[in-house]
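Observations on the model geometry
So you can see what is in the structure, the chains are spelled out below.
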Amino acid sequence: MKDFGVYIHIPFCEHKCSYCDFFSLAGSGKSEISRYFDHLNREIELFSSESNVPPQISTIYIGGGTPSSVPFVLIDEIIGTVYKCFGRPIQKEITIEVNPHSAIRKNFDEYLKAGINRLSIGIQSLNDKELRALDRIHTRDICISTLKSARTAGFSNISIDLIFGIPGQTINSWKSTLDRIIELKPEHISAYSLMLEPGTKMTMRVYSGKTALPDEAISIEMFELTRKLLTENGYTHYEISNYSLPGNNSIHNSNYWELIPYKGFGLSSHSYFDNIRTWNTNDPKVYCDMIDNNKLPEGGKEKLDIIDRINETIMLGLRKTTGFSFNKFGSEYGDKAAEILRRKVDFINQRAGFGVMVSREDNFICLSKKSLIISDEIISSLLFGKDDKDRL
């Protein structure tokens with residue numbers, strides 16, 4: 001088995017935010033949390049025992065949910081189980097997601113002692129009105145205090161999440177958040193446009209007319225302002241929504257975009273090995289029952305055919321601002337596939353009314369700066385379909 005990244009899903013939250021569609025459980029008791037971690041440890045051990053070749057892991061990412069809302073001893077134990085089964089990650093990046101409301105009460109020293117060397121802090125905004133619009137339970141002051149506490153504890157690799165396009169947000173309020181974040185100088189910044197996900201409270205509020213999002217033109221201006229301010233202040237724009245100071249790209253997430261194998265543990269987590277994608281059940285009872293019966297808690301799987309793999313390469317490769325190698329694409333999928341992709345790129349460039357939308361220079365394909373904001377539309381135009389499969 002090849003090296004792979006480990007993702008550990010901690011589904012527990014103190015509060016479910018209105019815009020979030022990630023699998024999470026709010027208001028769980030101590031016994032429920034303890035039982036989950038007991039089975040999570042056993043899932044890791046079960047997978048390890050069933051592996052034919054002792055694998056080596058590349059990174060560890062502990063996400064959620066809100067991992068910082070559970071007792072540290074449980075986090076420490078789960079990291080210990082990963083070390084016992086797979087050794088320490090060769091790329092030496094261990095990340096944990098924290099929310100300011102719960103992290104402010106945590107001892108960051110304990111995370112460092114456990115081997116965690118990267119924090120991802122869900123700040124989202126430094127405007128209290130905007131935080132309330134997102135149903136966040138922390139404030140601007142708590143966000144800043146959390147970041148400073150982490151720095152004082154000794155964390156030298158801190159990432160923060162921000163959201164633009166929030167109801168009531170203006171260009172000026174977004175700029176104010178960015179300016180203050182730049183002053184605090186985290187090593188990594190993820191800046192996402194607010195998405196209306198099916199079934200969330202935010203989506204229902206918008207569709208019912210109770211809440212209004214900023215105009216699309218305003219959101220585009222916010223995206224451009226983000227890129228301008230961050231790059232002017234030393235951050236590299238290395239992925240559509242991600243920026244980093246030199247040497248601080250997220251290794252774990254970058255591995256996703258490079259189609260490097262990964263294994264997810266916990267409820268609703270996903271895995272990718274040998275062109276097979278699997279996912280765990282999201283039913284807590286089924287999850288525990290399957291592990292109690294020494295079965296991995298798999299909820300489903302799919303084998304990617306050549307069209308699936310081509311489309312994964314295009315979708316993930318074009319999220320990186322550097323794009324992907326056209327030569328490597330041709331070597332992996334064949335000359336016919338490379339020719340089909342070349343024609344798609346040429347067609348998009350010819351119909352663009354405001355300049356090059358997809359660049360193909362030095363045998364690399366990437367989105368132009370002007371087209372990053374409409375990346376979803378462009379990427380969709382490049383994906384292969386049934387007719388393309390018949391031509392391969």
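Residues numbered from 1 in each chain as written. Predicted model: local features only at pLDDT ≥ 70, side-chain atom pairs only at ≥ 80, totals over all residues. Heavy atoms only, no water.

1. Structural notes on helix α6 (residues 140-153)
Counting along an α-helix, one turn takes 3.6 residues, and residues three or four places apart therefore face a common direction. With 14 residues, α6 extends 20 Å between its outermost C-alpha atoms, agreeing within 8% with the 20 Å of an ideal straight helix rising 1.5 Å per residue. Among the residues of α6, Cys143, Ile144, Thr146, Leu147 and Ala150 are the ones counted as buried. Viewed along the axis of α6, the buried residues span an arc of 155°, placing them on a single side of the element. Exposed and oriented more than 90 degrees from the buried face of α6 are Asp141 and Thr152. Residues of α6 that are buried sit in contact with α3 (100-103), α4 (108-113), β6 (118-124), β7 (158-164) and α7 (171-184). (Helix = DSSP H or I, 4+ residues; strand = E, 2+ residues; numbered from the N terminus. Expected span 1.5 Å × (residues − 1). Buried < 20%, exposed > 50% of the residue type's maximum accessible area, 1.4 Å probe, protein only. Arc of directions from axis to C-beta. Contact = heavy atoms within 4.5 Å.)

2. What to know about the pattern of salt bridges
Counted under the stated rule, the structure contains 21 salt bridges. Ionic pairing is found between aspartate 292 and arginine 42, a salt bridge with its closest N-O pair at 2.8 Å. One end of the pair, aspartate 292, is in helix α11 (residues 284-292); the other, arginine 42, is in helix α1 (residues 30-50), with 250 residues separating them in the sequence. Take aspartate 292: its relative accessible area is 36%, and that puts it in the partly exposed class. A salt bridge links arginine 140 to aspartate 141; the shortest N-O distance between them is 3.8 Å. (Salt bridge = Lys/Arg side-chain N within 4 Å of Asp/Glu carboxyl O.)

3. A few points about the packing of helix α13 (residues 326-333) against helix α14 (residues 335-351)
Here α13 crosses α14 at 135°, and the two axes come no closer than 6 Å. With respect to their mutual orientation, α13 and α14 come out oblique. Between α13 and α14, the contacting residues are Phe326, Phe329, Gly330 and Tyr333 on the first element and Asp335, Ala337, Ala338, Leu341 and Arg342 on the second. Tallied by class, residues from the contact of α13 with α14 come to 6 nonpolar, 1 polar and 2 charged. (Axes fitted to C-alpha atoms, helices over the stretch in contact; angles between N-to-C directions. Parallel < 35°, antiparallel > 145°, perpendicular 65-115°, else oblique. Nonpolar A, V, L, I, M, F, W, Y, C, P; charged D, E, K, R; others polar.)

Honestly, that's just the spatial picture; any functional story needs more than this.
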